[in-house]
Amino acid sequence: MSSFNLKQTAIKTFDTAGTKLLSPPMNGFGYFINHGPRNKRKVALTFDDGPSRPATEHLLEAMRKLDVKGTFFCLGVNVRYHPDLLLQMYQEGHVIGNHSGWHSRKTGLMPGSDIRHILDGEQAISEVLGVRPCFYRPPWGWLTPWEGHRLTKAGYKVIGWDVYTLDWVIPEVDGISLARDAYRDTKPGSIYCFHDAKPWEKTWVKTETTRAIQSLVPMLREQGYEFVTVAELLDVPGYVPKREVRT
């Protein structure tokens, strides 16, 4: 086996083990909130990695027509590409969460007290919105116990999911298939994990996530489900005042 193939095998093994040990809904060492109350037919759409153009714009347009709000876990680097788009999302009633500064798994895996990757995403969002997000989702959904402790100490609620989708795969998975799989796995209180962008990409065309939402929302509404933000689902604030920056 070539050195390239050995490296690829090692990466795949590492990724598989990391996802199994550190990701929702089964793991997270008690720090993840993976769903809301199971006795009410309320569910929350969430989207990672944005914002980007035109992918996020098209998704927002579809959600506007459907009259549904979501929770967007945004990256500091992507927020700095599109601060006006972030402000639009906020003004239209979507909730903004922190997805770190630059989507690095390594920083979350490292022990210690360094939270620069957390604060960078927070700062980018706060500079645009004037408030600090209360919700955080770690890149890849990988959460170590020390990262969970750091986030809790920094005042965050760590949001996982109980309905995971493959809308991040390239080339894209068909949106109708994504919607059917999400529909199958839905329970009262479910939190969905979708993606509206690709990390570090200022421009990104992404159509199937929007198609999935356009299909999923009507199907679930027919079953009596209501779509709410994570803040509404958990009945907690989505924001607090900006953190005081010490110089």
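Residues numbered from 1 in each chain as written. Predicted model: local features only at pLDDT ≥ 70, side-chain atom pairs only at ≥ 80, totals over all residues. Heavy atoms only, no water.

1. Things to note about the packing of helix 4 (residues 83-91) against helix 6 (residues 116-129)
- Remark: helix 4 packs on helix 6, axes separated minimally by 9 Å, with the N-to-C direction vectors making an angle of 70°. Compared by their axis directions, helix 4 and helix 6 come out roughly perpendicular. Pair helix 4 / helix 6 crosses with right-handed handedness. Residues Pro 83, Leu 86, Leu 87 and Tyr 90 of helix 4 form the contact with helix 6, whose participating residues are Ile 125, Val 128 and Leu 129.
- Considered class by class, the residues forming the contact of helix 4 with helix 6 number seven nonpolar, no polar and no charged. (Axes fitted to C-alpha atoms, helices over the stretch in contact; angles between N-to-C directions. Helix = DSSP H or I, 4+ residues; strand = E, 2+ residues; numbered from the N terminus. Parallel < 35°, antiparallel > 145°, perpendicular 65-115°, else oblique. Left-handed = near helix turned anticlockwise from the far one by under 90°. Contact = heavy atoms within 4.5 Å. Nonpolar A, V, L, I, M, F, W, Y, C, P; charged D, E, K, R; others polar.)

2. Here's the deal with the layout of surface pockets
- One number sums up the size of the largest pocket: a volume of about 680 Å³.
- His 103, Trp 140, Tyr 164, Trp 168 and His 195 are the residues nearest the centre of the largest pocket, which is lined by 33 residues in total.
- Contributions of two or more residues to the lining of the largest pocket are made by helix 1 (3-22) and strand 10 (191-195).
- No other element matches helix 1, which puts three residues into the lining of the largest pocket. (1 Å grid on protein atoms, 1.4 Å probe; cavity = no way out; pocket = protein on both sides within 12 Å on 5 of 7 lines; lining within 4 Å. Points joined across faces, edges and corners; volume = space filled by probe spheres on them.)

3. Section: the nonpolar core
- Within the largest apolar cluster, 32 residues are counted, with the highest numbers of intra-cluster contacts made by Leu 45, Phe 72, Tyr 192, Phe 194 and Ile 213.
- Counting only elements with at least two residues in this core, the list comes to strand 2 (42-48), helix 2 (55-66), strand 4 (71-74), helix 4, helix 6, helix 8 (175-185), strand 10 and helix 9 (208-222).
- The dominant element in this core, judged by the number of residues it contributes, is helix 9, at five residues.
- Setting aside anything within four residues of it in sequence, one finds Ile 213 in contact with Leu 45, Phe 47, Leu 59, Met 63, Leu 66, Phe 194 and Pro 218. (Core = buried A, V, L, I, M, F, W, Y, C linked by side-chain atoms within 4.5 Å. Buried < 20%, exposed > 50% of the residue type's maximum accessible area, 1.4 Å probe, protein only.)

4. Points about helix 2
- When the terminal C-alpha atoms of helix 2 are compared, their 17 Å separation across twelve residues agrees well with the 16 Å that a helix rising 1.5 Å per residue should span.
- Along helix 2, the residues classified as buried are Ala 55, Thr 56, Leu 59, Leu 60, Ala 62, Met 63 and Leu 66. Down the axis, helix 2 shows its buried residues gathered within 165° of arc, on one side only.
- Looking at the packing, one finds that the buried side of helix 2 touches strand 2, strand 3 (53-54), strand 4, helix 4, strand 11 (203-204) and helix 9. (Expected span 1.5 Å × (residues − 1). Arc of directions from axis to C-beta.)

5. A closer look at the packing of aromatic side chains
- The tally for this structure, following the rule as stated, stands at seven aromatic pairs.
- Between Tyr 136 and Tyr 156 the ring centres are 5.6 Å apart and the planes differ by 65°, which places this aromatic pair in the edge-to-face class. In this pair, Tyr 136 sits in strand 7 (residues 135-136) while Tyr 156 sits in the loop between helix 7 (145-153) and strand 8 (157-159), placing the two residues 20 residues apart along the sequence.
- A residue is classified by how much of its surface remains accessible, and Tyr 136, at 0% relative accessible area, is buried.
- Their ring planes at 25° and their centres at 5.2 Å tell us that Trp 161 and Tyr 164 sit as a pair that is stacked.
- Classification of Trp 161 as buried rests on a relative accessible area of 5%.
- Judged by its relative accessible area of 40%, Tyr 164 falls in the partly exposed class.
- By the ring-pair criterion, three or more aromatic residues cluster together here, those being Phe 47, Phe 72, Tyr 192 and Phe 194.
- The ring of Trp 140 carries Arg 105 above its face, with NZ or CZ at 3.7 Å from the centroid.
- Just above the ring of Trp 142 sits the side chain of Arg 105; from NZ or CZ to the centre is 4.5 Å. (Phe/Tyr/Trp six-rings, centres within 6.5 Å; stacked < 30°, edge-to-face > 60°. Lys NZ or Arg CZ within 6 Å of the ring centre and 35° of its normal.)

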